[in-house]
Structures are given as C-alpha cells and as structure tokens.
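Descriptive analysis of the structure
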Amino acid sequence: MNEKNDLKSIAKSTFNETLVEAGFLILTYKNDDSEIQHVAKDIDSTFIQFHFCIKGGTTFVFNQGRYSLDIHEENSLLLYNPQRELPIDLKVLPNSWIVSILISIKKFHSLFSQEADYISFLNSENKDKKYYKDGAITPSMAIVLNQLINFSLNTSIKSLYFKGKAYELLSLYFNRSEDADVEQCPFLVDEANVIKIRKAKDIIVARMAEPPTLQELADEIGLNIKKLKEGFKQIYGDSVFSFLFDYKMEVARKLLETGENNVNEVGLKVGYSTSSHFIAAFKKKYGTTPKKYVMSLS
C-alpha cells in the first residue's frame, strides 16, 4: 500500500447501485470525464467486496486516507475484514470504468454449501479471518463486466439481468479445474481437511437418528476433535451438533408436509425416541408444534 494523495480537490460522485437480492449489491461507475472522480459508500464488516477495474485505473483509499491501493486496468481486488469496517473510498481516474460486487458473508457461504437453507451462519468464533487478494480479469469475466456497466436493455428486466450476470461473474471468478472440490469455500486452503470435514457432514446426515459422538466422528474421519470443530465451523458456519439439529428439523418439516407420517413417526425418523422431546425441539426451532404446523398447511 502507498501513501494516499489528497482528495480534497477531487469531484465527488455516487455509484449506480443495483440490489440483486438481500445481502447482494452491484455498484457500477463510469468516469468518462477528464478529471479524477471520488466515489464512496459506507459498508459494514459483514460484506465481502469485489472491485473490478475494466478500463483505466482506480485507487482504493483505506483508513481515512492513510493508505491506498491501486487497482489497474483489467485487474480486480477482493477485500474482506470482519474485524473492522472497510468503507468504499475510490479515487477513479479519468476515462475509467469500475464494477463492484458487495455480498454478505452469509449470502456468500450459501453459494458454496448445499445445506444453506438450514445452516446458522456467522458465529462469533468464526469472525476471525481477513482477506486481501488482487488478480487479473479474465476475458470471460471482462465480457460479463462490460455487459453490466453498459446495460442497455429494458429497465423492467434490469434486476433479473443483473442477478444472472452477478452469479455468472462470481462463478468465473472462483472457477477451478474439474477435479477441484466444488463445495469448498474458496477461502479455505487445506483441501485435505476440507474433504474430511465434508465426510463428517455426510456421516451425521446419513446417521442423524443415531449420530456418533464427536470423538467417534473425529476418529472416523481421521482428525482430532479441535480440527473437526474448527473446520466444521469454517465450512458450515456452525458447530457439528447445532448444524445437525437444524438439519433434522428441516427434514422433519419436509416429512410433515408430505402427510405420509404422523408426528411420532417423524420424530423417530429424525432420532427422537419420545414424541414429547421431538415436539419440544420442533417448537424451539419453528415456534410452533408439529401438529399446528401441519394444520397450518391445509
């Protein structure tokens, strides 16, 4: 990072902002003028930031102007720091185009986990990693970025169009070879441990009615308990048994919706030997009893 130039004399402007969905934004900015433009946006620490410089150049200013980081033409910058705010503060050079994607860590993890509908994310113990990564924009990414910044279709379909392009862009950004672990969150580097943690998840899901103890699970996948706990939190955002509880309740809810099993039978299928324990667990998760839930469906 280099010392920042004075921004006082630079004209201020705003992004063209598009909400893709909750926790997911696209910002675009075209500086077609002959002067440097200053664009800024407050953003909280739960968001991952992707900044793409399609044309020209820009500078990301940090820490109230104490440091800066250049993003050159056809390059990108990824930023995530859960420990402090990173407000967007860009100094955009003349004849420069910028596309930024902001996505919450909760939404981001959901893109890499099949169990996203019933995982609790963002435990305080998991908020301890920060990431700064720059890289080149590939030709495939450049096409999508130009489509975003030069959008010229009917405004009624803009939200849908941007949503599709945003997902396409992230897919290209994190594209790997065919033999890579497609469910691995790209922020995790030890792929051997990732495979073991995924195996642990598969085991508890397959044996949810009679799950192994943590020690038995750790022994079965070949990791110690500490690494099992830490790795499971990193990938699935929750402890092993909190994840299992959410999973069992989601399975139970879907079984109840089919109408093929009564409350007691559903409880047994997900590992509760008594219906009273199952009813209490279901109510804890969904705020209503299984019977009332079934009645609400009709």
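Structure shown above.
A brief report on the enclosed structure follows.

What counts, and at which threshold
- Residues numbered from 1 in each chain as written.
- Predicted model: local features only at pLDDT ≥ 70, side-chain atom pairs only at ≥ 80, totals over all residues.
- Heavy atoms only, no water.
- Helix = DSSP H or I, 4+ residues; strand = E, 2+ residues; numbered from the N terminus.
- Contact = heavy atoms within 4.5 Å.
- Buried < 20%, exposed > 50% of the residue type's maximum accessible area, 1.4 Å probe, protein only.
- Pairing = 2+ DSSP bridges.
- Salt bridge = Lys/Arg side-chain N within 4 Å of Asp/Glu carboxyl O.

As a further point, take the environment of Val-144. Note on placement: Val-144 falls in helix α2 (residues 139–149). Along the primary structure Val-144 and Phe-162 are separated by 18 residues, whereas in three dimensions their C-alpha atoms are 9.9 Å apart. Contacts of Val-144, omitting those with residues within four sequence positions, involve Lys-165, Glu-168, Leu-169 and Leu-172.

Our focus in this paragraph is the pairing of strand β6 (residues 57–62). Of all 6 residues in β6, 6 are buried, a share of seventy percent or more. Neither face of β6 is open: one carries Gly-57, Thr-59 and Val-61, the other Thr-58, Phe-60 and Phe-62, and all of them are buried. Pairing between β6 and strand β7 (residues 67–72): 6 bridges, direction antiparallel. Considered in β7, the bridge of Thr-58 is made with Ile-71. Relative to strand β9 (residues 88–92), β6 runs antiparallel, the two sharing 3 bridges. Counted as the bridge partner of Thr-58 is Val-92 from β9.

For the rest of this paragraph, the subject is the pattern of salt bridges. Charged atoms that come close allow side chains of opposite charge to pair. Within this structure, the stated rule accounts for 10 salt bridges. One salt bridge in this structure joins Lys-163 and Glu-21, with 3.0 Å as the shortest N-O distance. Taken together, the residues span a long stretch of sequence, with Lys-163 in helix α3 (residues 158–173) and Glu-21 in strand β2 (residues 16–21) at a distance of 142 residues. Given the relative accessible area of 32%, Lys-163 is considered partly exposed. Residue Glu-21 is classed as buried on the basis of its relative accessible area, which comes to 18%. Across the pair Arg-253 and Glu-250 runs a salt bridge whose closest N-O atoms are separated by 2.5 Å. A residue pair is termed a helical-turn pair when its members lie 3 or 4 positions apart in one helix, as Arg-253 and Glu-250 do in helix α7 (residues 240–258) at 3 residues. Note on Glu-250: relative accessible area 8%, which makes it buried. Residues joined by salt bridges that share partners form a network here, namely Glu-250, Arg-253, Lys-254 and Glu-257.

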